[in-house]
Amino acid sequence: MFQINENYLQLNESYLFSTIARRVENFSASHPEADIIRLGIGDVTLPLPPSILSAMHSAVDEMGVKETFRGYGPEQGYAFLREKISEIDFRRRGIDISPDEIFVGDGSKSDTGNIGDILGDDNVVGITDPVYPVYLDTNIMRLGKSSQIVLLPCNEENGFLPGIPSHHLDVIYLCYPNNPTGTVMDRKQLKQWVEYALENRSLILFDAAYEAFIRDNDVPRSIYEIEGATACAIEFRSFSKNAGFTGLRCSYTVVPKALKARSVDGDELPIHSLWNRRQSTKFNGTPYIVQKAAEAVYSPQGQQEVGNMVAYYMRNAAIIREGLAEKGWTFFGGENSPYIWLKCPDGMDSWTFFDRLLQECHIVGTPGVGFGSEGEGYFRLTAFNSHEKTAEAVERIKKWEY
Ligand code: MLT
């Protein structure tokens, strides 16, 4: 009989957000009257802005005309989008990333999950705890639960930032602004990681999906703001949270040509060509219509509109922060990030807090322990609902006698 990949048996039975969705569904089915407010999964709620919609409409029309119809596109993404990204996200900020170092994808979940395809199985991989579950789960799928996966604890004592390890790591996943803790790394802290990676000839997988939420000038928006990072880092960016693309699906991954990896024979090879090979074999490109929508994000009107969306969500983050402060709870994040990471009151564990908040306040959040054992006793709220629902959730929490 054929065999399975045994590593899958070492994963939790279901993906964190699927488990939560099921629990909420069960509660909702038995309490149909409950007006549930969802501050759980980081899914956007504002509709797509006019510039993006109109670009999509035009692209749809083009698909209906013989002369402008498009079939397969380039697996790496259309030049019109890669050029805009290179110019506006990087070159205008003094970072030299060329269009052909940018690979357009269908979401950072896929890109961060798939990147392991081009990395060797002997690498020692450092993953923060707590962490966005995709990094850990996809490494377990590939390597199994092994001593090659090293967890880097992030807790209140270290400000939820991983310390530079005293041992060697080949690959390190960093996500800043951080999901789930909402914390950020300043320039000096990120520089220490780049120096570590250069010294150890390691690779940093830098997930910058929440870059648009940064308000503080001292927080780097890209790892490439740090000198030397093009020789040690791959960066992931997404249109999901800043531009409302969680349903449309568009992202990009920057693989600098200067980034080299070692083969077993000791030869140094550019990793860019490997990712290109992987994508052209396993991926047929993000739909043309979606890439036209993403291009519109870079128009002057698009920039204004997505800026307003981010500001809207950040106002929610402020509403949550103010409410929790009034309640006297301890919390982190929400200043340069749409996530607020709170310490469960009265020493409650994460899942007890989840159940009680759902049953007694009809609010959904995400249990911190779902992101790793260091998250036990913590809880994540998102800023991705409406002002009204967010304010209502905060009022319920303020009145809650737990
Ligand atoms: C989250 O809630 O952590 C995110 O929505 C997950 C994701 O972006 O895939």
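Predicted model, so just to flag it, every value in this text is computed and none were measured.

The next thing to look at is the sheet that holds strand β2 (residues 102-105). Here 7 strands make up an open sheet; going across it, the order is β2-β8-β7-β6-β5-β3-β4 and the pairing mixed. The strands lining the two open edges of the sheet, one partner per strand, are β2 and β4 (149-153). The sheet shows a mean angle of 20° between the axes of neighbouring strands, taken without regard to direction. Of the strand pairs in this sheet, strand β3 (residues 125-129) and β4 are connected by 5 bridges, and their pairing is parallel. Of the residues in β4, the one forming a bridge with isoleucine 127 is leucine 151.

To continue, consider the packing of helix α2 (residues 50-63) against helix α10 (residues 300-327). Here α2 crosses α10 at 130°, and the two axes come no closer than 8 Å. The angle between the axes of α2 and α10 places the two elements in the oblique class. In contact with Pro50, Ser51 and Ile52 of α2, α10 contributes Gln301, Gly302, Glu305 and Val306. Here the contact of α2 with α10 is composed, by residue class, of 3 nonpolar, 3 polar and 1 charged.

Turning to the domain arrangement of the chain, a few remarks are in order. On domain assignment, one finds that the chain holds domain 1 (6-47 + 303-399) and domain 2 (51-300). Summarising the inter-unit geometry, the C-alpha centres of domain 1 and domain 2 are found 25 Å apart. The partner domain 2 presents 45 residues to the 38 residues of domain 1 that form the contact. Between domain 1 and domain 2 lies a buried interface of about 3,400 Å² when both sides are counted; carbon and sulfur atoms form 57% of it. Across the contact surface, domain 1 and domain 2 share 1 salt bridge. Of the charged contacts, one joins glutamate 156 and lysine 343 as a salt bridge, the two residues approaching to 3.1 Å between their closest N and O atoms.

Two strands in a sheet stick together by hydrogen bonds in their backbones, pointing the same way (parallel) or opposite ways (antiparallel). Strand order in the open sheet formed by 4 strands is β11-β12-β15-β14, with antiparallel pairing between adjacent strands. Among the strands making up the open sheet, the edge pair consists of β11 (331-333) and β14 (366-367). Sheet analysis places β14 next to strand β15 (residues 378-382), joined by 2 bridges and oriented antiparallel. Within β15, the position partnered with proline 367 by the bridge is phenylalanine 379.

Attention now goes to the pattern of salt bridges. Overall, the coordinates contain 27 salt bridges when judged by the stated rule. As a salt-bridge pair, glutamate 235 and arginine 237 come within 2.8 Å of each other at their nearest N and O atoms. The exposure classification of glutamate 235 matches that of arginine 237, with both residues buried. Residues glutamate 360 and arginine 356 are paired through a salt bridge, measuring 2.8 Å at the closest nitrogen-oxygen approach. Placement of both glutamate 360 and arginine 356 in helix α11 (residues 350-361) is noted, with a separation of 4 residues, approximately one turn of the helix. Judged by its relative accessible area of 40%, glutamate 360 is partly exposed. In this structure arginine 356 comes out as partly exposed when scored by relative accessible area, which is 24%.

Another point: the environment of glutamate 195. Within the fold, glutamate 195 resides in helix α6 (residues 187-200). Each C-alpha atom, one on glutamate 195 and one on cysteine 232, is 9.2 Å from the other, the two residues being 37 residues apart in sequence.

So, on to the packing of aromatic side chains. Counted under the stated rule, the structure contains 31 aromatic pairs. Plain terms: the ring middles of phenylalanine 90 and tyrosine 252 are 6.2 Å apart, the flat faces sit at 80° to each other, and that makes the pair edge-to-face. One end of the pair, phenylalanine 90, is in helix α3 (residues 79-90); the other, tyrosine 252, is in strand β8 (residues 251-254), and 162 residues separate them in sequence. Neither phenylalanine 90 nor tyrosine 252 differs from the other in exposure class; each is buried. Ring centres 4.9 Å apart and planes at 20° place the aromatic pair tyrosine 135 and tyrosine 173 in the stacked group. On the criterion of sequence distance, the pair formed by tyrosine 135 in helix α5 (residues 133-143) and tyrosine 173 in strand β5 (residues 171-175) is long-range, its members being 38 residues apart. In this structure tyrosine 135 comes out as buried when scored by relative accessible area, which is 2%.

Cut-offs and rules
Each chain has its residues counted from 1, running along the sequence as written. Reporting of local features is limited, given that this is a predicted model, to residues whose pLDDT is at least 70; pairs of side-chain atoms are given and counted only at 80 or more, and all residues count toward the totals for whole chains, interfaces and linings. The side-chain figures draw on all heavy atoms in the structure; neither hydrogens nor water molecules are used. Pairing between two strands requires that DSSP report at least two bridges joining them. Secondary structure elements follow DSSP: runs of H or I of four or more residues count as helices, runs of E of two or more count as strands, with numbering from the N terminus. Axis definition: a line fitted to C-alpha atoms, over the contacting stretch in the case of helices. Angles run 0 to 180 degrees between N-to-C directions. We call two directions roughly parallel when the angle between them is under 35 degrees, roughly antiparallel when it is over 145, roughly perpendicular when it lies between 65 and 115, and oblique otherwise. Whether two residues touch is decided by their heavy atoms; if any such pair falls within 4.5 Å, the residues are in contact. The classification used treats Ala, Val, Leu, Ile, Met, Phe, Trp, Tyr, Cys and Pro as nonpolar, Asp, Glu, Lys and Arg as charged, and all other residues, Gly among them, as polar. Residue ranges assigned to the domains are those given by an automatic or database domain assignment. Once two parts are put together, the accessible area they lose, assessed with a 1.4 Å probe and summed over both, is termed the buried area. Salt bridges, as used here, are contacts in which a Lys or Arg side-chain nitrogen is within 4 Å of a carboxyl oxygen on Asp or Glu. Burial status follows relative accessibility: with a 1.4 Å probe on protein chains alone, a residue under 20% of its type maximum counts as buried, one over 50% as exposed, and anything between as partly exposed. Classification of ring pairs rests on two measures: the distance between centres of Phe, Tyr or Trp rings, Trp counted by its six-membered ring, which must be within 6.5 Å, and the angle between planes, read as stacked under 30 degrees, edge-to-face over 60 and tilted in between.

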